[in-house]
Each structure stands twice: as structure tokens, then as C-alpha cells.
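Here's the letter readout for the chains.
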Amino acid sequence: MTDILAVIPLHIVLFACLVTLLGGFIKGAVGFAMPLIMISGMGIVIDPQLVVAGIILPILVSNGWQTARSGLGPARSAVAEHWRYLLIVCVMILVSAQFLTAISADAMFVILGVPVVALCAVQLLGWQPTIPAHLRRPFEWGAGLSAGTLGGLAGTWGPPTVLYLLALRTPRAKQMAVQGVIYGLGSVMLCLGHLKSGVLNAHTWQLSALLVVPAVIGMWAGFRLGDRFNQDMFRKVTLLVLIVAGANLIRRGVMG
């Protein structure tokens, strides 16, 4: 940890661990939001590029765990049905990741904040887009393009993915399995993309590796304790907090 402590102070590292612990707990309890919580929380005090680097390995490990927990059968079905979407998401994550280092810090705050606010607002409002059957293929490619681009730049491809599955009227239980596969494969591409871009490097991988520990502990606690909460209320409170945090990131990006 000597190298990473030369980049950011110990109290900031501890803050990042607490944010990740919370994100892991919520992901284990309600099945989503860990990247959004890490981005919006750590983005308050940490450079945006370092935030993206920090979330890579926790996302990779947590999504792998979630996919394995859902079982291989649902995963295979998800790949068979949504392979086009998966393909364009994975390709665009690899491509767009290479442009992250060229983006200013202020622009990154906006890029990080907008999807947080958008996804949470959509879920709170309960809005569900409708796509006619004959437009499914173009919508599939378009949603995958936007999700992959956002994933490579901001480390989260959840907002377009959720809208994509809602538009297809995917049943909730099936949504969890499909999202597990999309997030799992996407996180592998994110890791590879940022190894190539240099965002995940000899210094930043230490922070990312360290954050795996609180992510796993949080998820384990969330899996065990999630059923004891009012899931709907817990989800709504989480979304409201994320909207506030995301709006603060946008404010920082706009006001400098």
C-alpha cells in the first residue's frame, strides 16, 4: 500500500473503503447500485479517473459472484437471447475506455453524475419505455452502443441496460439473471480496456484491489440481511440518496 498512499492520503482510502462497503451491502441486499454508489460517493473527494480505476476490480469480483450465484442455466439463456446487445456493449467498453485519459476532470464529473441521476430517476418514477417488435433490433444495437460507451468512460453501463430490459418487458426474475451476465462480461472488458488505456496501472490497481475486500464483505452482509429489510422502501431511499450524490457530481463538473 505504500505506492497508493503516496497518491492519496490514508483517510481518503478509508473513506473509499466505507463507500465500497456500503455499495457492496446494497448490491447484496437489493441486487444493484454498487458502481453507482462507489462513483457518486468516492467522486466527492477523489479524482474521477482514479474513481474509475478504483471500481474496476470490485465490479469484476462482485459481478462474477452474482452471476455464479444465479446459476449457469440462466446465464446461458441470457447469452443466447441477448448476444447482440452483449457483443456491442463489450466492444464499445474496450473502445471507449481508450478515450478516458483525454477527458478533463470537469467533464468526467458530468459523465459520472448524469447516468447516476438518470437511472435513479427512471426507477423512482417507474417509467417503462415501449419498443415495437419491428424496432427491437435497431433498439438493441443502439442501447448496446450507448451502454458500452458509457461503461468504458464512466465504469457503469447499468442505466441503458436497465432501460433496454424494461423496454423488452423482461420479467423481474429474468432481469436479474440477464443483468448478472451483462455486468459480469462487461466488467471483464472494463478491466482489459483500462489495462490498455493505462487507467488501471501499477499504482491504481492497488486501490482497486484493496476495495475488493469491503465490496465482498458488504455483499456477504447484504445477502444475509437483505431479507430483513422492507425491500421497496430500502430501494427508494437508496435511489433518492444516489440522485442527490449524482446531482452534486454534475454541479462540480459544471461549476468547476
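Above this text is the structure in question.
Notes on the structure in this doc start here. (Residues numbered from 1 in each chain as written. Predicted model: local features only at pLDDT ≥ 70, side-chain atom pairs only at ≥ 80, totals over all residues. Heavy atoms only, no water.)

1. Brief notes about unusual backbone geometry
A negative phi angle is the norm for most residues apart from glycine, just as the trans form is the norm for most peptide bonds.
Phase 1: Its identity is not glycine, yet arginine 169 carries a phi of approximately 55°, on the positive side.
Phase 2: For arginine 169, the position within the fold is in the loop between helix H8 (158–167) and helix H9 (172–197). (Helix = DSSP H or I, 4+ residues; strand = E, 2+ residues; numbered from the N terminus.)

2. Some remarks on the packing of aromatic side chains
Phase 1: In the structure shown here, the tally under the stated rule is four aromatic pairs.
Phase 2: Arranged with centres 4.1 Å apart and planes meeting at 5°, the rings of tyrosine 85 and tyrosine 164 form a pair that is stacked. Residue tyrosine 85 is found in helix H5 (residues 72–96), and its partner tyrosine 164 is found in helix H8; the two are separated by 79 residues along the sequence.
Phase 3: Aromatic pair tryptophan 157 and tyrosine 183: ring centres 6.4 Å apart, planes at 75°, arrangement edge-to-face. Taken as a pair, tryptophan 157 in the loop between helix H7 (136–154) and H8 and tyrosine 183 in helix H9 lie far apart in primary sequence, 26 residues in all. (Phe/Tyr/Trp six-rings, centres within 6.5 Å; stacked < 30°, edge-to-face > 60°.)

3. Concerning the nonpolar core
Phase 1: By size, the foremost hydrophobic cluster in this structure holds 68 residues, and its most contacted members are Met42 and Trp157.
Phase 2: Considering each element in turn, this core owes the most residues, nine residues, to helix H2 (residues 10–30).
Phase 3: Those residues in contact with methionine 42, other than ones at most four positions away along the chain, are Phe15, Ala16, Val19, Thr20, Ile37, Val51, Ile55 and Leu211. (Core = buried A, V, L, I, M, F, W, Y, C linked by side-chain atoms within 4.5 Å. Buried < 20%, exposed > 50% of the residue type's maximum accessible area, 1.4 Å probe, protein only. Contact = heavy atoms within 4.5 Å.)

4. With respect to a nonpolar patch on the surface
Phase 1: Taken together, the side chains of Val79, Trp83, Leu87, Val91, Leu94, Val95, Phe99, Trp141, Leu185, Val188, Leu192 and Leu195 present a nonpolar region at the surface, about 1000 Å² in accessible area.
Phase 2: Elements with a contribution of two residues or more to the nonpolar patch: H5 and H9.
Phase 3: Sorting elements by how many residues they give to the nonpolar patch places H5 first, with six residues.
Phase 4: Mapped onto the fold, valine 95 is located in helix H5.
Phase 5: What makes valine 95 partly exposed here is its relative accessible area of 39%. (Patch = residues over 30% accessible without salt bridge, like charges linked within 9 Å, V, L, I, M, F, W, Y side chains within 5 Å. Areas by Shrake-Rupley, 256 points an atom, 1.4 Å probe, with all protein chains shown as cover. Salt bridge = Lys/Arg side-chain N within 4 Å of Asp/Glu carboxyl O.)

5. Here we look at the pattern of salt bridges
Phase 1: All chains considered together, the criterion is met by two salt bridges.
Phase 2: Arginine 136 serves as the salt-bridge partner of glutamate 81, at 3.9 Å between the closest nitrogen and oxygen. With glutamate 81 in helix H5 and arginine 136 in helix H7, this residue pair connects regions lying 55 residues apart in the sequence.
Phase 3: Residue classification places glutamate 81 among the partly exposed positions, given a relative accessible area of 30%.
Phase 4: Looking at arginine 136, the relative accessible area reads 27%, which means it is partly exposed.
Phase 5: Here arginine 84 ties to glutamate 140 by a salt bridge, and the two come within 4.0 Å at their closest N and O atoms. Highlighted residues: arginine 84 in helix H5 and glutamate 140 in helix H7, separated in sequence by 56 residues.

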